[in-house]
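Listed here are the chains, written in short residue letters.
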Amino acid sequence: MTTRVVTGCRLKAVLVDLSGTIHVEDYAIPGAIQAIQRLKDSSLDVKFVTNTTKESKNRLHERIHRLGFNIQKNEIFTSLTAARNLVDEQKLRPMLLLEDEALEDFEGISQENLNSVVVGLAPGCFNYEKLNVAFRLLMQGYPLIAVHKARYYKRPDGLALGPGGFVSGLEFATGTTATIVGKPQEAFFLSALKTVNCKPCEAVMIGDDLTDDVEGANNIGMKSILVKTGKYREGDDKKVDPFHSAVCSDIKSAVDLLLNEWMH
């Protein structure tokens, strides 16, 4: 655990990643349920921020509720929500490369006369036929929206390929640059902080992804804690900025550090 971080502003809020940080699919990380309750019982505002795109916000909330977490649906901010907001703002009619379980978050969006492509983590859609339809739309000059561009994620059986490679493949084949709406984008973090009325210097991000969680938060002036669970890889802890980030073994240790040291 590293603790050289200079906190500066008085801390008001904490953003917590979900998958890999407090749970891995249908398994809660040991100590996570109690750690999250400690956070919620503190004076900090807590928001749960996730790039999870395999299922809708409703299904995600049901999953973590079944695991025993005391988390309300309005406390969750997802990259699917950010993508839906962008689709509505730009009045797009996207081809949705999403799993069926995630389509609920795009209810009411027209699927006629498609004029864009939205890509999330959708193993069932990543086949030649569907990717070729997306390719042809993009070759007409229509925009590509990536819900996020993660290289991989953690499953109970090990690391698994994320949507980033497929997004990059479409970018390469069409000369298009995707608009990314999830972590580590600045707009995603700022939108989440807005829901708790908090400035970046007043918040901490806890997550298992060096790029999307830690560096994304640091880039907008937040502090961060990297946990060695989920997609954490050996050596990631050597890459964090010790003046803006700390490294802990898991969410329990991260909450201990935050509440016992950084809050005082």
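As shown above, the structure is provided for reference.
Owing to the predicted nature of the structure, the values given are computational and were not obtained by experimental measurement.

J.: Describe the overall build of the protein chain, with residues and values.
T.: On a plain count of helices and strands, the protein chain comes out with 8 helices and 14 strands. Referenced to the eigenvectors of the C-alpha coordinate spread, the extents of the protein chain come out at roughly 55 × 35 × 35 Å. By residue count, 54% of the 264 residues in the protein chain fall in the buried class. Split by element, the accessible area of the protein chain, about 12,100 Å² in all, is 48% carbon and sulfur. One way to put it: in the protein chain the 31 positive side-chain charges average out to a point 2 Å from where the 34 negative ones average out.

J.: I'd like a description of the state of the cysteines, backed by residues and values.
T.: Under the definition given, this model contains 1 disulfide. Disulfide pairing places Cys9 opposite Cys201 at an S-S distance of 2.2 Å. Looking along the S-S bond of the Cys9-Cys201 disulfide, the torsion reads about -85°, which is the left-handed sense. Note that Cys9 is positioned in the segment before β1 (13-16) and Cys201 in the loop between α6 (186-194) and β12 (203-207), a separation of 192 residues in sequence. Here Cys9 falls in the partly exposed class, since its relative accessible area comes to 29%.

J.: Go over the pairing of strand β9 (residues 152-155), please, and point to the residues and values.
T.: Sheet topology note: the β9/strand β10 (residues 158-161) ladder contains 4 bridges and is antiparallel. Looking at the pairing, Lys154 lines up with Leu159 of β10. Hairpin remark: β9 followed by β10, antiparallel, with 2 residues in the connecting loop.

J.: Describe the sheet that holds strand β14 (residues 245-248), with residues and values.
T.: Read across the sheet, 6 strands follow the order β5-β4-β1-β12-β13-β14 without closing on themselves; strand pairing throughout is parallel. The open sheet is flanked by β5 (76-78) and β14, the only strands paired with a single partner. Along the sheet, successive strands turn relative to each other by an average axial angle of 20°, direction set aside. As defined by bridge partners, β12 adjoins strand β13 (residues 223-227) across 4 bridges and the pair is classed as parallel. Paired with Val204 across the two strands is Lys223, which belongs to β13. Sheet strands touched by helix α7 (residues 210-219): β12, β13 and β14. Its angle to β13, the strand with the most contacts, is close to 165°.

J.: A description of the pattern of salt bridges should follow, citing residues and the corresponding values.
T.: Per the counting criterion, the structure on display carries 15 salt bridges. The salt bridge partner of Arg84 is Asp88, with a shortest N-O separation of 3.0 Å. Taken together, the positions of Arg84 and Asp88, both in helix α3 (residues 79-89) and 4 residues apart, correspond to about one turn of that helix. Take Asp88: its relative accessible area is 37%, and that puts it in the partly exposed class. The shortest N-O distance in the salt bridge between Asp157 and Arg155 comes to 3.0 Å. Classification of Asp157 by relative accessible area gives exposed; the value is 59%. If you follow the salt bridges from partner to partner, you end up with Asp17, Lys183 and Asp213 in one network.

J.: Mind laying out the packing of helix α1 (residues 32-41) against helix α8 (residues 251-262), listing which residues take part and the relevant values?
T.: Where α1 contacts α8, the two axes come as close as 8 Å, and the packing angle between them is 20°. Considering the angle they form, α1 stands roughly parallel to α8. For α1 against α8, the interelement crossing comes out left-handed. In contact with Ala32, Ala35, Ile36, Arg38 and Leu39 of α1, α8 contributes Ile251, Lys252, Val255, Asp256, Leu258, Leu259 and Asn260. Considering only residue class, the contact of α1 with α8 consists of 8 nonpolar, 1 polar and 3 charged.

J.: How would you explain the sheet that holds strand β7 (residues 116-119) if you had to name every residue and give the values?
T.: The strands making up a sheet associate through backbone hydrogen bonding, with each pair oriented either parallel or antiparallel. The 4 strands lie next to each other as β6-β7-β8-β11, forming an open sheet whose pairing is parallel. Of all the strands in the sheet, the pair left with one neighbour each is β6 (94-97) and β11 (179-180). Two strands pair when backbone bridges link them, and strand β8 (residues 144-146) and β11 are joined in this way by 2 bridges, in the parallel orientation. Of the residues in β11, the one forming a bridge with Ala146 is Ile180. Helix-sheet contacts for helix α4 (residues 128-139) involve β6, β7 and β8, and the interaxial angle to β6 is about 150°.

What counts and how
Residues numbered from 1 in each chain as written. Predicted model: local features only at pLDDT ≥ 70, side-chain atom pairs only at ≥ 80, totals over all residues. Heavy atoms only, no water. Helix = DSSP H or I, 4+ residues; strand = E, 2+ residues; numbered from the N terminus. Buried < 20%, exposed > 50% of the residue type's maximum accessible area, 1.4 Å probe, protein only. Areas by Shrake-Rupley, 256 points an atom, 1.4 Å probe, with all protein chains shown as cover. Lys, Arg positive; Asp, Glu negative; His and termini not counted. Charge placed at Lys NZ, Arg CZ, Asp CG, Glu CD. Disulfide = S-S within 2.5 Å. Pairing = 2+ DSSP bridges. Axes fitted to C-alpha atoms, helices over the stretch in contact; angles between N-to-C directions. Contact = heavy atoms within 4.5 Å. Salt bridge = Lys/Arg side-chain N within 4 Å of Asp/Glu carboxyl O. Parallel < 35°, antiparallel > 145°, perpendicular 65-115°, else oblique. Left-handed = near helix turned anticlockwise from the far one by under 90°. Nonpolar A, V, L, I, M, F, W, Y, C, P; charged D, E, K, R; others polar.

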